[in-house]
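Coordinate analysis (summary)
Chain by chain, the residues:
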Amino acid sequence: MADVKPNLIGGQWQAGEHASANINPSDTDDVIGHYATATTDDVEAAIAAASAAAHDWARSGIQVRHDILRTASDEIMARREDIGRLLSREEGKTLAEGIGETVRAAQIFNFFAGETLRLAGEKLPSVRAGVDVEITREPVGVVGIITPWNFPVAIPAWKIAPAICYANPVVFKPAELVPGCAWAIVDILHRAGMPAGTINLVNGPGSVVGQAMLDDARVKAVTFTGSQATGERVAQASVRHMRKFQLEMGGKNPLVVLDDADLDVAVDCAVQGAFFSTGQRCTASSRLVVTEGIHSRFVEACVSKIRELNVGDALDSRTQIGPVVDEVQLQQDLDYVEIGRREGATLRAGGERLAREKNGYYMQPALFTDTHNDMRINTEEVFGPVASVIRVRDYEEALHVANDTTFGLSSGICTQSLKHATHFKRNAQAGMVMVNLPTAGVDYHVPFGGAKGSSYGPREQGRYAAEFHTTVKTAYTSA
Ligand code: NAD
């Protein structure tokens, strides 16, 4: 077999016994590379190496960790074109989106390089005379990182960078569909000077490699992003070991459009939020909750914009919407279009598989109207370019519908009313609220996460990442 990209275990690249092919969803004849599949023994060895490295890594000093993070950031930024191209080639988002995500990863590493130098504790007087109290943050220990395929550079970055910042050794299991980006990041970190055992890469199926990680008591904390079903498994296995865990899961994010919205802004927010990155974003606006007075103008404008969208090869500069990530996900998206039709919704645009010059997983973004919030297309996460319009009477009904979901990741409103925007910010049941902005698209220096069934545990990103990646110690001294 051609060149196999190995796993990194205890500071050594290890090819293992098996490898799997990485296929381009824009062109299924294009094999990007072969990546080694880790065995349960490999996972065991990676966790053993991480555990052995934990003591010295915790004492490595902030300058060392700062320099590694900064070096990684610089290299990712310098190579944004080639890493962005790899990302687009293996996941299918457009080249502009791939490069943008790579730049975001560089910014995240840079942010946590700075955070390393800002680690602080507190010194307080005790309520007892002659006693001092110190509060410090300590590393949590070996962190298991399990990531999805849809942000194959940014999500690993926002989990790995704080782990390094707060001196935790990492065992990283990326999604099966995107081993290339994972390999590139780990290679950069390895060369940036991560000591042996502090960064380990184990590629392979979740049910084998991920499960082996969850079943090992030496993994002291697990940070997971993916589906609710897998999140539940992570939670159950983690409770069994009384370990810390953090879950970021799905969404069914509403974008409310009120009569007084700027129509162009609302349509841009809807089309961008629902369909860009092929709708494969946990923060995608899959429910467009629209009041009566603007409903038909909004729908007409959305439909004409959707028809103009250029769906094609992710690497073609004219493409606005890349392919769906693989055949399984495409079939799921098409099945939901059929489910929507059977439920009585009107398919106003798209929804069909598209043929292109190269054989790939292309689909025209789909917009349903005449939908109710209790239809399956409005209660279950499709995770593709499928959105529905739900018509409502007024703001009060819109807020009720927006909140009437088991998810709670991101919630948006388009309005020019300060009163409604303010009320919505206070009452939307979501971890992130957007006013006159798409539900997708966030900053990297502030917390990211959801409410209800979308998230569990401490927030990710920004300074809030310290909550998950550290343990607080309170020390008393009698002087
Ligand atoms: P998934 O749950 O199928 O897989 C996620 C990861 O879990 C993969 O690495 C997979 O191999 C691993 N895994 C699967 N079974 C496992 C097991 N038994 N033990 C341990 N690990 C296991 O999700 P996906 O299809 O890769 O990603 C799509 C989902 O991710 C969507 O639901 C989406 O909303 C969600 N997502 C959420 C966020 C967020 O921040 N909230 C961001 C991106 C994606």
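Look a little higher up for the structure.
The rules we used
Residues numbered from 1 in each chain as written. Predicted model: local features only at pLDDT ≥ 70, side-chain atom pairs only at ≥ 80, totals over all residues. Heavy atoms only, no water. Salt bridge = Lys/Arg side-chain N within 4 Å of Asp/Glu carboxyl O. Helix = DSSP H or I, 4+ residues; strand = E, 2+ residues; numbered from the N terminus. Buried < 20%, exposed > 50% of the residue type's maximum accessible area, 1.4 Å probe, protein only. Pairing = 2+ DSSP bridges. Axes fitted to C-alpha atoms, helices over the stretch in contact; angles between N-to-C directions. Contact = heavy atoms within 4.5 Å. Near = heavy atom within 4 Å. Polar contact = N/O pair within 3.5 Å; in protein donor to acceptor, adjacent residues only side chain to side chain. Nonpolar A, V, L, I, M, F, W, Y, C, P; charged D, E, K, R; others polar. Domains from an automatic or database assignment. Patch = residues over 30% accessible without salt bridge, like charges linked within 9 Å, V, L, I, M, F, W, Y side chains within 5 Å. Areas by Shrake-Rupley, 256 points an atom, 1.4 Å probe, with all protein chains shown as cover. Lys, Arg positive; Asp, Glu negative; His and termini not counted. Charge placed at Lys NZ, Arg CZ, Asp CG, Glu CD.

Attention now moves to the pattern of salt bridges. One pass over the full model with this rule turns up 24 salt bridges. Measuring nitrogen to oxygen at the nearest pair gives 3.4 Å for the salt bridge that ties Asp74 to Arg70. With Asp74 and Arg70 both in helix α2 (residues 62-78) and four residues apart, this pair spans about one turn of that helix. For Arg70, a relative accessible area of 38% corresponds to the partly exposed category. We note a salt bridge from Arg376 to Glu380, for which the minimum N-O separation is 2.8 Å. By relative accessible area, which is 38% here, Arg376 ends up partly exposed. Sharing partners across several salt bridges, the network here consists of Glu75, Arg79, Asp82, Asp187 and Arg191.

So, about the sheet that holds strand β14 (residues 285-291). A sheet is described by the order of its strands in space; here seven strands give the open sequence β15-β18-β19-β14-β13-β20-β21, paired in mixed fashion. Sheet topology places β15 (346-349) and β21 (432-435) at the edges, where each strand pairs with a single neighbour. Taken pair by pair, the neighbouring strands of this sheet meet at an average axis angle of 25°, ignoring direction. Most of the contacts of helix α10 (residues 292-308) go to β14, to which it runs at about 140°, and overall it touches β13 (253-257), β14, β15, β18 (366-369) and β19 (386-392).

Our next topic: the site of the ligand. Around the ligand lies a shell of 28 residues, among which Thr147, Ser227, Thr230, Met249 and Glu381 are the nearest. In this structure, an oxygen atom belonging to the ligand sits 3.1 Å away from a side-chain N or O atom of Trp149. Here a nitrogen atom of the ligand and a side-chain polar atom of Gln211 are 3.0 Å apart. Counting residues per element, the ones that place at least two in the shell around the ligand are α7 (206-214), β11 (221-225) and α8 (228-240). Broken down by class, the residue content of the shell around the ligand amounts to 13 nonpolar, 10 polar and five charged. When residues of the shell around the ligand are assigned to domains, at least three map to each of domain 1 (4-249 + 445-478) and domain 2 (253-435).

Mapped onto the secondary structure, Leu418 falls in helix α14 (residues 418-427). For Leu418, a relative accessible area of 69% corresponds to the exposed category. For Leu418 and Val435, which are 17 residues apart along the polypeptide, the C-alpha to C-alpha distance reads 10.0 Å.

This next bit is on the environment of Val43. Its place among the elements puts Val43 in helix α1 (residues 40-58). In this view, Val43 contacts Val202, Val209, Ala212 and Met213; residues no more than four positions away in its chain are not counted.

Where like charges cluster on the molecular surface, the negative patch consists of Asp259, Asp260, Glu292, Asp394 and Glu396. When you line up the elements, Asp260 lands in the loop between β13 and α9 (263-275).

Next up on the list: the sheet that holds strand β6 (residues 122-125). Across the sheet, which stays open at both edges, the three strands sit in the order β6-β7-β23 with antiparallel pairing between neighbours. The outermost strands of the open sheet, each flanked by one partner alone, are β6 and β23 (470-478). When the angles between neighbouring strand axes are averaged without regard to direction, this sheet yields 20°. Here four bridges tie β6 to strand β7 (residues 131-139), and the two strands are oriented antiparallel to one another. In the sheet register, Glu122 faces β7, and the bridge partner there is Ile135.

Time to look at a nonpolar patch on the surface. Together, Ile62, Leu117 and Leu119 line one region of the surface with nonpolar side chains, adding up to about 230 Å² of accessible area. Judged by relative accessible area, Leu117 falls into the partly exposed class, the value being 44%.

Interpretation in functional terms is not warranted from these geometric data alone.
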